[in-house]
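Coordinate analysis (summary)
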Amino acid sequence: AQKVTQAQTEISVVEKEDVTLDCVYETRDTTYYLFWYKQPPSGELVFLIRRNSFDEQNEISGRYSWNFQKSTSSFNFTITASQVVDSAVYFCALGAVLVTGANSKLTFGKGITLSVRP
Amino acid sequence: DTGVSQNPRHKITKRGQNVTFRCDPISEHNRLYWYRQTLGQGPEFLTYFQNEAQLEKSRLLSDRFSAERPKGSFSTLEIQRTEQGDSAMYLCASSLYSHLSIDRKLFFGSGTQLSVL
């Protein structure tokens, strides 16, 4: 069975602080995909990143960076110089690679509510 | 490109009534998914379609739930004899799939918030 644990439930920071959101996953699959989604108050889930299990390179996109460590089954997300607009719920998700080659069925964590205060 | 559209945004119903939600995916997307999200939890997979074929259903989808995508475009999710435990946000997502590549990212709609009184 697949499982995603986001141990942090709520994080509050002051604008311009750096913040790291933790994600730990469990799977028996050797090939899988990891995702981060952002859910602002409007409710729509916004895709941030997808990472393949065989690609452990860290990735940086503007103020966002992701640290994938297969040895510890973690896929952490860091926001540098946080802004008020970053306030949202952030979900980590795990996708299987099925016989059909798809990773359509995602297992989500419970989410982390990030509040960035001015 | 108008994104994934879901209607209605909010639905309040009495226990025992039937409700139907609609999802219009991104036009060229052949895969459509339904997820359910309860308060304080992440979305949970319910079912998905490739074109008009329903390829997988979660055990979360009881006999009271039925989803259709008759023409491979929009989809409906119907809940019969609603119960208070059905109260949740129902999210629809779509993606473009081909044999040449894995699923690309899922594009989610804003969801339908169901409240069963």
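Rules behind the numbers
Residues numbered from 1 in each chain as written. Chains lettered and ligands numbered in written order. Predicted model: local features only at pLDDT ≥ 70, side-chain atom pairs only at ≥ 80, totals over all residues. Heavy atoms only, no water. Core = buried A, V, L, I, M, F, W, Y, C linked by side-chain atoms within 4.5 Å. Buried < 20%, exposed > 50% of the residue type's maximum accessible area, 1.4 Å probe, protein only. Helix = DSSP H or I, 4+ residues; strand = E, 2+ residues; numbered from the N terminus. Contact = heavy atoms within 4.5 Å. Pairing = 2+ DSSP bridges. Axes fitted to C-alpha atoms, helices over the stretch in contact; angles between N-to-C directions. Polar contact = N/O pair within 3.5 Å; in protein donor to acceptor, adjacent residues only side chain to side chain.

As a further point, take the nonpolar core. Leu21(A), Trp36(A), Trp66(A), Phe77(A), Tyr90(A) and Leu114(A) are the most contacted members of the largest nonpolar core, which has 25 residues in total. Contributions of two or more residues to this core are made by β2 (10-14), β3 (19-21), β5 (32-39), β6 (46-52), β8 (64-69), β9 (74-79), β10 (88-96) and β12 (112-117) of chain A. It is β10(A) that provides the largest number of residues to this core, a total of 4 residues. When neighbours within four sequence positions are excluded, Tyr90(A) is seen to be in contact with Gln6(A), Leu21(A), Trp36(A), Tyr37(A), Lys38(A), Leu48(A), Tyr64(A), Phe77(A), Ile79(A), Gly111(A), Ile112(A) and Leu114(A). Counting residues in hydrophobic clusters, the runner-up holds 19 residues, among them Leu32(B), Ala67(B), Cys92(B) and Val116(B).

Time to look at the sheet that holds strand β8 (residues 75-79) of chain B. Residues and elements named next belong to chain B. The sheet built from 4 strands is open, its strands ordered β1-β3-β8-β7 with antiparallel pairing. Edge positions in the sheet fall to β1 (5-7) and β7 (65-68), since each has one partner strand and no second. Neighbouring strand axes in the sheet, compared pairwise and without regard to direction, differ in orientation by 15 degrees on average.

Residue and element names in this part refer to chain A. Mapped onto the secondary structure, Arg51 falls in strand β6. Here the side chain of Arg51 touches Glu59 through a polar contact of 2.8 Å, side chain to side chain. Among all residues touching Arg51, those that are not within four sequence positions of it are Tyr32, Tyr33, Leu34, Gln57, Asn58, Glu59, Phe68 and Phe75.

Read these as geometric descriptors, not functional statements.
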